[in-house]
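# Report on the structure
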Amino acid sequence: MSFLGVEQSLTGRSWVGPGAEVERAAEMMAQQTDLPRAVCQVLARRGVPVAEARGFLDPKLKELLPDPREMKDMEAAAARFLAAVKQRQRIAVFADYDVDGGSSAALLLVWLRQMGVQATLYVPDRIDEGYGPNVPAMQELVRVHDLIICVDCGTLSHEPIAAAKGADVIVLDHHLGGETLPDCVAVVNPNRQDESGDLGYLCAAGVVFLMLVEAGRQLRAEGAKGPDLMALLDLVALATVADVAPLIEANRALVRQGLKVMAQRQRPGLVALSDVARMDTAPSSYHLGFLLGPRVNAGGRIGQADLGARLLSTDSLHEAQALSERLDALNTERREIENAVRAAALEQAEARGLEAPLVWAAGEGWHAGVVGIVASRLKETANRPAIVIGFDGDEGKGSGRSVSGVDLGASIQKLAAEGLLVKGGGHKMAAGLTVMRDKLEPAMARLSELLAKQGAGKGGPADLKLDGALMPRAATVDLIEQIEQAGPFGAGAPAPRYALPDLQVRFAKRVGETHLKLSLSDGLGAGLDAIAFGAFDGPLGEKLSNHGGARFHFAGRLEINSWGGRQNVQLRLEDAAPAQ
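What comes next concerns the included structure.

Conventions adopted
- Residue indices follow the written sequence of each chain, beginning from 1 at its first position.
- Under the rules for a predicted model, residues below a pLDDT of 70 receive no local features and side-chain atom pairs below 80 are neither given nor counted, while totals for whole chains, interfaces and linings still include all residues.
- Note that the side-chain values use all heavy atoms of the structure and ignore hydrogens as well as water.
- We count a salt bridge whenever a side-chain nitrogen from Lys or Arg sits within 4 Å of a carboxyl oxygen from Asp or Glu.
- Secondary structure counts use DSSP, requiring at least four H or I residues in a row for a helix and at least two E residues in a row for a strand, with both numbered from the N terminus.
- Partly exposed describes any residue whose relative accessible area lies between the buried limit of under 20% and the exposed limit of over 50%, with all areas from a 1.4 Å probe on protein chains only and scaled to the type maximum.
- Two strands qualify as a pair provided DSSP detects at least 2 bridges between them.
- Each axis is a line fitted through C-alpha atoms, taken for helices only over the stretch in contact, and angles between the N-to-C directions span 0 to 180 degrees.
- Whether two residues are in contact is decided by their heavy atoms, any of which lying within 4.5 Å being enough.
- Geometric relationships in this document are graded by angle, where less than 35 degrees denotes roughly parallel, more than 145 denotes roughly antiparallel, 65 to 115 denotes roughly perpendicular, and other angles denote oblique.
- Left-handed is the label given to a crossing in which the near helix is rotated counterclockwise from the far helix by less than a right angle, and right-handed is the label when the rotation is clockwise.
- Lys, Arg, Asp and Glu make up the charged group, whereas Ala, Val, Leu, Ile, Met, Phe, Trp, Tyr, Cys and Pro make up the nonpolar group; the residues left over, Gly among them, are polar.
- Think of it this way: a Phe, Tyr or Trp ring, Trp meaning its six-membered ring, pairs with another when their centres are within 6.5 Å, and the plane angle makes it stacked under 30 degrees, edge-to-face over 60, tilted otherwise.
- A 3.5 Å cut-off defines polar contacts: any pair of N or O atoms within that distance qualifies, except that in protein one atom must be a possible hydrogen donor and the other a possible acceptor, and neighbouring residues in sequence count only when both atoms are side-chain atoms.

## Brief notes about the pattern of salt bridges
Counted by the stated rule, this structure contains 34 salt bridges. A salt bridge links Glu-364 to Arg-437; the nearest nitrogen and oxygen atoms lie 2.5 Å apart. Residue Glu-364 is found in strand 7 (residues 359-364), and its partner Arg-437 is found in the loop between strand 11 (430-436) and helix 18 (440-453); the two are separated by 73 residues along the sequence. Residue classification places Arg-437 among the partly exposed residues on the basis of a relative accessible area of 37%. The salt bridge involving Asp-394 is made with Arg-437; its shortest N-O contact spans 3.8 Å. Here Arg-437 lies in the loop between strand 11 and helix 18 and Asp-394 lies in the loop between strand 8 (386-392) and strand 9 (395-401), a separation of 43 residues in the sequence.

## A short note on the sheet that holds strand 9
Spatially, the five strands line up as an open sheet ordered 7-8-9-11-10, and their pairing is mixed. Two strands in the sheet have a free side with no partner beyond their single neighbour: strand 7 and strand 10 (423-426). Pairs of neighbouring strands in the sheet enclose a mean axial angle of 15°, with direction left out of account. Across seven bridges, strand 8 lies against strand 9 in antiparallel orientation. Within strand 9, the residue paired with Gly-390 across the bridge is Lys-397. Packed on one face of the sheet, helix 16 (residues 371-382) meets strand 7, strand 8 and strand 9 and runs near 45° to strand 9.

## Examining the sheet that holds strand 3 (residues 120-122)
In spatial order, the strands read 3-2-4-5-6; together these five strands make up an open sheet with parallel pairing. Looking along the sheet, the strands with just one partner apiece sit at the ends: strand 3 and strand 6 (186-188). Adjacent strand axes in the sheet meet at a mean angle of 15° when their direction is disregarded. Across five bridges, strand 4 (residues 147-151) lies against strand 5 (residues 168-172) in parallel orientation. When the sheet's bridge partners are listed, Leu-147 is paired in strand 5 with Asp-168. Helix 6 (residues 99-114) contacts strand 2 (91-95), strand 3 and strand 4 of the sheet and is inclined by roughly 165° relative to strand 2.

## A short note on the packing of helix 17 (residues 408-417) against helix 18
Two numbers describe how helix 17 lies on helix 18: the axes approach to 10 Å, and their chain directions differ by 135°. Taken together, helix 17 and helix 18 sit at an angle that is classed as oblique. Handedness of the crossing formed by helix 17 with helix 18: right-handed. Here Leu-408, Ser-411, Ile-412, Lys-414 and Leu-415 of helix 17 come into contact with helix 18, specifically with Ala-443, Arg-446, Leu-447, Leu-450 and Leu-451. Classifying every residue of the contact of helix 17 with helix 18 gives seven nonpolar, one polar and two charged.

## Brief notes about the packing of helix 6 against helix 9 (residues 204-221)
The contact between helix 6 and helix 9 brings their axes to 8 Å, and the two run at 20°. If you check the angle between helix 6 and helix 9, you find them roughly parallel. Viewed along their axes, helix 6 and helix 9 form a crossing whose handedness is right-handed. In this structure, helix 6 uses Asp-100, Ser-103, Ser-104, Leu-107, Leu-108 and Trp-111 to contact helix 9, whose residues at the interface are Ala-204, Ala-205, Val-208, Phe-209, Met-211, Leu-212, Ala-215 and Leu-219. Within the contact of helix 6 with helix 9, the residues separate by chemical class into 11 nonpolar, two polar and one charged.

## Side note on the environment of Leu-65
By secondary structure assignment, the location of Leu-65 is in the loop between helix 4 (61-64) and helix 5 (74-86). In this structure, the C-alpha to C-alpha distance between Leu-65 and Asn-251, residues 186 residues apart in sequence, is 8.5 Å. Every residue in contact with Leu-65, bar those within four places of it in the chain, is listed here: Phe-209, Leu-210, Val-213, Ala-250 and Leu-254.

## Here's the deal with the pairing of strand 4
For strand 4, the tally of buried residues reaches five of five residues, placing the bulk of the element in the interior. By the alternation rule, side chains of strand 4 split into Leu-147, Ile-149 and Val-151 and Ile-148 and Cys-150, which are all buried. Here strand 2 pairs with strand 4 via five bridges, running parallel. The residue of strand 4 that forms the bridge with Phe-94 is Cys-150.

## Observations regarding the packing of aromatic side chains
Ring pairs (aromatic) are described by centroid distance and by the angle formed between their planes. According to the stated counting rule, one finds four aromatic pairs in the structure shown. Taken together, a centroid distance of 5.2 Å and an interplanar angle of 25° make the contact between Tyr-286 and Phe-290 stacked. Separated by four residues within a single helix, Tyr-286 and Phe-290 lie in helix 13 (residues 285-302), roughly one turn from each other. Measuring from ring centre to ring centre gives 5.9 Å for Phe-552 and Phe-554, while their planes differ by 55°; the resulting arrangement is tilted. For the pair Phe-552 and Phe-554, a shared accessibility class is recorded, and that class is buried.

## Concerning helix 17
Because each turn of an α-helix spans 3.6 residues, side chains separated by three or four positions in sequence point in the same direction. Those residues of helix 17 lying buried are Leu-408, Gly-409, Ser-411, Ile-412, Gln-413 and Leu-415. Looking at the buried positions of helix 17, the neighbouring elements they touch are strand 8, strand 9, strand 10, strand 11 and helix 18. By the N-cap criterion, in which a side-chain oxygen at the helix start approaches the backbone nitrogen of a residue two or three places on, helix 17 is capped by Asp-407, the distance to Gly-409 being 3.3 Å. Phi turns positive one or two residues past the end of helix 17, at Gly-419, with a value near 85°.

Here is the structure:
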């Protein structure tokens with residue numbers, strides 16, 4: 001039965017409340033632990049046993065961090081890395097151009113600098129070189145380096161790594177591996193085909209951090225000491241959240257501790273970027289994913305590819321301020337480019353139909369730096385895996401995003417193996433590809449077929465899952481602070497979503513091009529503010545702006561809004577339905 005009787009909301013979704021089993025588990029947990037009921041509801045929904053409740057709320061790295069040696073090649077990678085440090089060999093770090101790649105590179109660059117080693121940073125240009133190592137770049141690096149470390153890339157780069165004759169290569173990655181691995185010193189990747197997959201939730205920065213843990217272990221065995229790894233956790237947290245890695249197991253502890261490190265404001269790059277983004281509260285996973293991450297990414301998307309890694313690794317506040325301002329300006333430009341591509345892609349996808357197992361769009365001149373973001377928007381609109389491709393002549397470079405339960409990366413790799421793509425790869429939730437124009441239609445048809453076999457395309461918009469109902473008077477700062485104990489929230493660990501039933505709109509105002517700000521009231525003297533981002537990209541904006549005095553049920557996530565030294569509760573609105 002639908003929650004609050006909402007079978008079809010303004011966005012076409014059915015609302016689903018917590019099941020009776022979750023409610024019983026939450027009640028039992030509250031009685032046995034004296035934890036707040038709201039916290040118990042979150043833990044019960046996550047399937048946390050009563051006996052583990054308090055430990056879950058205080059995740060400890062020493063208990064959750066896996067032994068680095070669980071991953072193949074780890075000892076060899078750390079040993080070769082340390083040998084280069086001890087022998088003062090020339091080291092190059094070849095990094096992907098996104099937040100995970102930039103954070104991974106910064107982890108190595110900062111660690112090496114503290115050991116007295118200055119390494120070379122190389123980040124390929126997204127447009128001119130594309131993702132991952134390429135033959136010319138590797139041949140250039142090998143001329144003046146003894147060791148090349150590929151981070152967040154390299155697992156499928158057989159030919160470029162083979163071209164690096166004369167230098168050793170280490171790969172620290174998390175993307176899906178193929179049937180064979182490149183011929184190099186080590187490929188440390190929890191998503192290698194010969195790995196168990198138990199650590200497949202790690203992003204590349206998590207893998208790099210574990211390599212540094214292993215390096216520290218090897219140093220201690222020799223009676224030496226390495227840099228303080230705990231001080232690097234802000235970089236791991238940023239990468240984990242921004243790369244949409246699931247916040248489970250060790251990732252929970254890495255992000256929780258990383259946020260504490262970030263709050264100390266010791267890293268010049270993150271201090272400057274936080275200030276430019278006008279962050280005036282303690283950092284949260286929301287800030288990492290929506291304020292800092294997009295700005296770090298902006299250089300790789302439409303500007304100079306290495307800006308993000310340079311920002312995160314610099315020890316100069318002056319340089320950090322200059323880089324942050326540049327990235328902030330690039331992010332504004334990125335949004336403008338994205339909006340234009342998104343409008344064209346959505347129009348094309350709607351004309352093709354949003355009911356198929358795969359939603360896709362392709363256009364001439366669409367910027368390769370924004371196709372991934374636009375694919376994400378299409379995925380959210382249709383609740384289907386989505387691919388968006390930008391063509392430059394006969395060659396198209398695209399990016400895809402998937403929905404839960406559908407492995408997009410494996411299907412893209414299969415297409416590449418079948419010869420329908422020039423190249424392609426990724427992981428379950430995201431992938432990249434290069435395709436020739438004459439193969440576009442057959443490639444998308446075949447991909448749609450492969451995804452359908454995994455269950456893509458069934459049903460309409462995803463049901464909206466709710467954790468319960470609250471009245472405005474109960475939505476307090478204290479309640480939100482209690483719920484935050486169960487965080488951090490993000491991919492794989494969604495923040496609780498509540499319905500606020502039978503409220504009237506006192507005030508509605510369009511903010512920017514697509515957002516809607518609302519003031520809601522229960523008619524009994526209590527109310528709260530709400531913000532609906534992207535409301536005018538769908539039906540919410542128009543229908544709530546022209547409410548005509550009607551009452552609605554509202555659904556979304558509660559957050560604390562700080563302004564002028566004061567705190568109040570705000571609803572991040574996701575959906576609404578007429579109150580019957």
